[in-house]
Amino acid sequence: EQAGAEVGARSHGAPSAAEQGAHAGAHGEGPAPHTVRDGARVALSTAVRAGLTGCTVLLVWGVPDFGALVTIAGGVAAAACGFVLPPVVHLRTHGRRLSAAARAAHATIALFGLGVMVISLFFTVADLIAHRSPRR
């Protein structure tokens, strides 16, 4: 059955896979050979990956309380993604079409988000300092 399909493909002028490979090799066509530039890209990509992995290892070794790092990052990211970025992006994309009251409301929400971010950082750092200092 497969031979019939192959014959049918040939009768319509489509070369078989073997014929395509022979044609590409015979006429020097096909994939371009690797160049020195490709080797440099691979080396750079490998170096970047190794560097990021090394930074991750240093972070794990250097941060005694990983939960604190996650708390700080979470507080900043949540405030930024929830309160700061949406009104800022909307102002940047539609600011000229918004009324003065709408622009003021967007700015107020963004400033509120910045305040939440600062308060979150303050309480997280204060909690870390309280837990690290010797208790008397």
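Residues numbered from 1 in each chain as written. Predicted model: local features only at pLDDT ≥ 70, side-chain atom pairs only at ≥ 80, totals over all residues. Heavy atoms only, no water.

Quick word on the overall build of the protein
On a plain count of helices and strands, the protein comes out with 5 helices and 0 strands. When the elements of the protein are put in sequence order from the N terminus, they spell out α-α-α-α-α. A buried classification covers 11% of the 136 residues belonging to the protein. Long-range contacts, defined here as pairs at least 24 residues apart, represent 56% of the contacts in the protein between residues at least 6 apart. (Helix = DSSP H or I, 4+ residues; strand = E, 2+ residues; numbered from the N terminus. Buried < 20%, exposed > 50% of the residue type's maximum accessible area, 1.4 Å probe, protein only. Contact = heavy atoms within 4.5 Å.)

As for a nonpolar patch on the surface
Taken together, the side chains of V57, L58, V60 and W61 define a hydrophobic patch exposed on the protein surface, amounting to about 470 Å² of accessible area. Assignment of secondary structure puts L58 in helix α3 (residues 36-62). (Patch = residues over 30% accessible without salt bridge, like charges linked within 9 Å, V, L, I, M, F, W, Y side chains within 5 Å. Areas by Shrake-Rupley, 256 points an atom, 1.4 Å probe, with all protein chains shown as cover. Salt bridge = Lys/Arg side-chain N within 4 Å of Asp/Glu carboxyl O.)

Notes on the packing of aromatic side chains
Scanning all chains against the criterion turns up 2 aromatic pairs. With a centroid separation of 5.1 Å and an interplanar angle of 85°, the aromatic rings of F83 and F112 are classed as edge-to-face. Here F83 is found in helix α4 (residues 66-94), whereas its partner F112 is found in helix α5 (residues 100-132), with 29 residues between them in sequence. Exposure remark for F83: the relative accessible area of 32% places this residue in the partly exposed category. Between F122 and F123, the aromatic rings sit 5.3 Å apart at their centres with planes inclined by 75°, giving edge-to-face as the arrangement. (Phe/Tyr/Trp six-rings, centres within 6.5 Å; stacked < 30°, edge-to-face > 60°.)

Considering the side chain of T124
Within the secondary structure layout, T124 lies in helix α5. Sequence-distant contacts of T124, that is, excluding residues within four places in its chain, are made with A68, T71 and I72.

Comments concerning α4
Between its terminal C-alpha atoms α4 stretches 40 Å, which fits the 42 Å expected from 29 residues at 1.5 Å a residue. In the structure, α4 departs most strongly from a straight axis at A80, where the bend amounts to approximately 45°. When we look at burial in α4, the residues that qualify are A68, G75, A79, A80, V84 and P87. (Expected span 1.5 Å × (residues − 1). Bend = angle between axes of the 7 residues up to and from the residue.)

So, the environment of I72
Here I72 is to be found in helix α4. Given a relative accessible area of 26%, I72 falls into the partly exposed group. Along the sequence, I72 and L121 sit 49 residues apart, while their C-alpha atoms lie 6.3 Å from each other.

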